[in-house]
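# Close look at the chain arrangement
Here's the letter readout for the chains.
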Amino acid sequence: MKRGEVTIHIGGVYASERPTIIKTLLGSCVAVCLHDPERAVGGMNHFMLPRGDGDGDDAEAGRFGVHAMDLLIGAIMKAGGDRRRLVAKVFGGANVLDLSGSVVDVPRRNIDFAKTFLEEEGIPVLSAAVGGRYPRHVHFHTDSGRAFVKHVRRVRPHALAEARARAAPPIGYGSITLFD
Amino acid sequence: MPATILIVEDSKLVRAMVRAALQADDHRVMEAPGGREALATLDDTPVDLVITDVNMPDMDGLTLVRALRARPRERSTPILVLTTEDGEAMKQRGREAGATGWLVKPFHPDQLRHTVRHVLGIPA
């Protein structure tokens, strides 16, 4: 069967029970790919924790990171996957702007968050390609769970900026509805 | 006035965030990772409020809400649904199942505490 193709950007989440190639371009952001091998359901998110400098901001960053993962797991379960069978692959977190050594190491925080989350939730990480200096193109096949990663040595000057511009708006807090 | 609250949520980290938010108001918090575990917990312990996710393995949140509404003890216990589902059709299903309210994630701890106080009738 021919696979469909979907591209996601920062803040994006996609999962499907139909064979799909999910594509994304990662700089310092992280993408987590989750796969339920038994149901051949897979999905990917692409997130960047909000930058925090104080304790309160760290808590806020954690909440948004957990939410990015929660959205992905929810999308996979809606597509027929079971969270108890999920396995993960983690990509991204490159020091594209060579920010290491700055007060807050943004790529490292994104990588550490993803790994800690998966460990806490008991989701095994099958492979990870993280860190380094170069952005990555990632293609994830939702049915087989295979991922294809290519370093981008020569980034078009504005490719990452373009991807960022197409990003979903920052996540706001959700609505509250009380029924009569 | 602290209350006893059951959180039903399959994500351990989301449960921890909800627990932290509620404990700041001194509520007694219990946790269940799914609908079946929630029913077993409620067999033993009555609660003042249930907060449940929707998409969970084994028994989803709306099935849990319907099951609770069929039980004499939880027939009128407030039940808040806390979920990433933000569609109107799903909200309507929640209302029909008997939920008291529908909170879309991500939640702000202050808003969650405020909503909990409101449905429990605790003065702000």
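Below or above, wherever it landed, is the structure these notes cover. Because the structure is predicted, anything quoted here is derived from the model rather than measured. Within each chain, residues carry numbers counting from 1 in the order of the written sequence. Written order decides the labels, with chains lettered from A and ligands numbered from 1. Where totals are concerned, whole chains, interfaces and linings use all residues; where local detail is concerned, this predicted model gives features only for residues with pLDDT of at least 70, and gives and counts side-chain atom pairs only at 80 or more. Computation of side-chain values covers all heavy atoms of the structure but excludes hydrogens and water.

## Side note on the overall build of chain A
A run of H or I in DSSP becomes a helix once it reaches four residues, and a run of E becomes a strand once it reaches two; helices and strands are each numbered from the N terminus. When you go through chain A residue by residue, the secondary structure sums to 3 helices and 10 strands. When the helices and strands of chain A are read in sequence order from the N terminus, they spell out β-β-β-β-β-α-β-α-β-β-β-α-β. The buried label applies to any residue whose accessible area, calculated with a 1.4 Å probe on protein chains only, is under 20% of its type's maximum; exposed applies above 50%, and partly exposed to all values in between. Here chain A holds 180 residues, and the buried ones make up 47% of them.

## Focus: the sheet that holds strand β8 (residues 136–141) of chain A
Strand pairing in a sheet is mediated by backbone hydrogen bonds. Such pairs are either parallel or antiparallel. Residue and element names in this part refer to chain A. Here, a strand pair is defined by DSSP locating no fewer than two bridges between the strands. Pairing is mixed in the open sheet, where 4 strands are placed in the order β1-β3-β8-β9. Edge strands, defined here as strands with exactly one partner in the open sheet, are β1 (4–7) and β9 (147–151). Sheet twist, expressed as the average angle between the axes of neighbouring strands with direction ignored, equals 15°. All axes are obtained by fitting lines to C-alpha atoms, using only the stretch in contact for helices, and the reported angles, taken between N-to-C directions, cover 0 to 180 degrees.

## Observations concerning the interface of chain B and chain A
By a widely used convention, the size of an interface equals the accessible area lost when the partners come together. Pairs of residues are marked as contacts when any of their non-hydrogen atoms sit within 4.5 Å. Across the contact, 32 residues belong to chain B and 25 residues belong to chain A. Both sides of the chain B and chain A interface together cover about 2,500 Å² of buried area, and 61% of this is carbon and sulfur. Buried area is understood as the total, over both parts, of accessible area removed when two parts are fitted together, assessed with a 1.4 Å probe. Considering only the side of chain B, the residues that lose the most area to chain A are L13, R95 and P106 of chain B, jointly responsible for 23% of the buried surface there. Take a side-chain nitrogen of Lys or Arg and a carboxyl oxygen of Asp or Glu: if they are within 4 Å of each other, that pair is a salt bridge. For the pair chain B and chain A, the number of links is 6 salt bridges. Across the pair D180 of chain A and R95 of chain B runs a salt bridge, and its minimum N-O distance is 3.3 Å. The definition of a polar contact used here is a pair of N or O atoms within 3.5 Å, where within protein one atom must be able to donate a hydrogen and the other to accept one, and adjacent residues in sequence count solely through side-chain atom pairs. Applying the counting criterion to the chain B and chain A interface returns 14 residue pairs in polar contact (both at pLDDT 80 or more). Among the elements of the structure, α1 (12–23), α4 (88–97), β5 (101–104) and α5 (109–120) of chain B are those that each provide at least two residues to the side of chain B that touches chain A.

## Some words on the packing of aromatic side chains
Residue and element names in this part refer to chain A. We call Phe, Tyr and Trp rings a pair once their centres come within 6.5 Å, taking the six-membered ring for Trp, and we label the pair stacked below 30 degrees between planes, edge-to-face above 60, and tilted otherwise. All told, the structure shown has 3 aromatic pairs over all chains when counted by the stated rule. Geometrically, the ring pair formed by F113 and F117 is tilted, given 6.1 Å between the ring centres and 40° between the ring planes. With F113 and F117 both in helix α2 (residues 106–120) and 4 residues apart, this pair spans about one turn of that helix. For the residue pair F113 and F117, the accessibility class agrees, reading buried in each case.

## Quick look at the sheet that holds strand β1 (residues 4–8) of chain B
Read from one edge to the other, the open sheet built from 6 strands follows the order β10(A)-β5(B)-β4(B)-β3(B)-β1(B)-β2(B), with strand pairing classed as mixed. Single-partner strands in this sheet number two, and they are β10 (176–178) of chain A together with β2 (28–32) of chain B. Averaged over all neighbouring strand pairs, the angle between strand axes comes to 15°, with direction disregarded. One ladder, built from 5 bridges, connects β1 of chain B with β2 of chain B; its direction is parallel. Residue I7 of chain B lies in a different strand from β2 of chain B, and its bridge partner there is E31 of chain B.

## Some words on the packing of α1 of chain B against α5 of chain B
Each pair of packed helices can be summarised by the angle the axes make with each other and by the distance between the axes. All names here are of chain B. Packing of α1 against α5 brings their axes to within 9 Å, and their N-to-C directions diverge by 65°. Like other packed secondary-structure pairs, α1 and α5 cross with a definite hand, here right-handed. For the pair α1 and α5, the contacting residues are V18, A21 and L22 in the first and P109, L112, R113 and V116 in the second. Of the residues belonging to the contact of α1 with α5, the class tally is 6 nonpolar, no polar and 1 charged. Each helix crossing is assigned a hand: it is left-handed if the near helix lies turned anticlockwise from the far helix by less than a right angle, otherwise right-handed if that turn is clockwise. Each residue is assigned to one of three groups, with Ala, Val, Leu, Ile, Met, Phe, Trp, Tyr, Cys and Pro labelled nonpolar, Asp, Glu, Lys and Arg labelled charged, and all others, Gly among them, labelled polar.

## Re the packing of helix α2 (residues 35–44) of chain B against helix α3 (residues 61–69) of chain B
Residues and elements named next belong to chain B. Put simply, α2 and α3 touch, their axes get as near as 9 Å, and they point 25° apart. Regarding the angle of α2 to α3, the classification is roughly parallel. Here α2 and α3 pass one another in a crossing that is right-handed. Here G35, A38, L39 and L42 of α2 lie close against α3, whose contacting residues are L64, A67 and L68. Each residue belonging to the contact of α2 with α3 can be placed in one class, and the counts come to 6 nonpolar, 1 polar and no charged. Note on angle classes: values under 35 degrees are labelled roughly parallel, values over 145 roughly antiparallel, values of 65 to 115 roughly perpendicular, and the remainder oblique.

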